Amino acid sequence: ILQIDSPNHVFDQPTTNNSTNMRFGTEILLIGYEWPKEQVQPGAVVDIKLIWQAIQTPEVDLSAFVHLENHNGELVAQHDAVPSNWTRPSTGWVSGEYVTDSHLLTIPTLAASGEYRLYVGLADRTNGVRVTVTDASGRGVSDRALLGTVTVIP
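Every value quoted in this text rests on a predicted model; they were computed, and no experiment measured them.

Scoring rules and cut-offs
Residues numbered from 1 in each chain as written. Predicted model: local features only at pLDDT ≥ 70, side-chain atom pairs only at ≥ 80, totals over all residues. Heavy atoms only, no water. Pairing = 2+ DSSP bridges. Helix = DSSP H or I, 4+ residues; strand = E, 2+ residues; numbered from the N terminus. Salt bridge = Lys/Arg side-chain N within 4 Å of Asp/Glu carboxyl O. Buried < 20%, exposed > 50% of the residue type's maximum accessible area, 1.4 Å probe, protein only. Polar contact = N/O pair within 3.5 Å; in protein donor to acceptor, adjacent residues only side chain to side chain. Contact = heavy atoms within 4.5 Å.

**Q** Got a sec to walk through the sheet that holds strand β11 (residues 145-152)? Specific residues and values, please.
**A** Taken in spatial order, the five strands of this open sheet run β3-β11-β8-β5-β6, and their pairing is mixed. In this open sheet, the two strands that pair with only one neighbour each are β3 (39-40) and β6 (75-81). Strand direction decides the pairing type here: β3 and β11, joined by two bridges, are parallel. Residue pairing for β11: Gln 39 is matched across the bridge by Thr 151.

**Q** Just give me the short version of the pattern of salt bridges, but keep the residues and values in it.
**A** As enumerated under the stated definition, the model contains five salt bridges in all. Ionic pairing is found between Glu 97 and Arg 88, a salt bridge with its closest N-O pair at 3.0 Å. By relative accessible area, which is 0% here, Glu 97 ends up buried. Judged by its relative accessible area of 9%, Arg 88 is buried.

**Q** Describe the side chain of Ser 90, naming the residues involved and giving the relevant values.
**A** When you line up the elements, Ser 90 lands in the loop between α1 (83-86) and β7 (98-106). At a separation of 2.8 Å, a polar atom in the side chain of Ser 90 contacts the main-chain amide nitrogen of Leu 62. Once residues within four sequence positions are removed from consideration, Ser 90 is found in contact with Thr 57, Pro 58, Val 60, Asp 61 and Leu 62.

**Q** Could you give me a rundown of the sheet that holds strand β1 (residues 18-24), with the residues and numbers involved?
**A** The six strands lie next to each other as β7-β4-β2-β1-β9-β10, forming an open sheet whose pairing is antiparallel. Every interior strand has two partners, whereas the edge strands, β7 and β10 (140-142), have only one. With two bridges joining them, strand β9 (residues 133-134) and β10 adopt antiparallel strand pairing. Within the sheet, the bridge partner assigned to Val 133 lies in β10 and is Ser 142.

Structure, rendered in structure tokens:
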């Protein structure tokens, strides 16, 4: 027996503790995000939830990434995946729908105490080119968005 499941398209905006309106290219908005703790210990796993909204169906297959960088801009932890734990390829998103996307980010066990910057972005899965974050006028401002900081404590 062959069973084909179609994704559950959500058109009611999910609630989130951190609302935003970051535009990625012309096709996607990041409308919110959450992470449970802004202070973590080395070795902790942090669940970062992103809420995307499709402005229109993306033309290319995108991967979402979450990067944690130290004060020198060095990458210390990352999680890259097709949205929603590899279950919601962006080419299947419908205009106006919301996609909830969780990323588990493991803080290195040898991470030094201090403040780290948390970035998020989207990239073309075929060539790795990042989607440009644009301002309200459509001008490109970056290839990723800063969500905030995470403090590693002893």
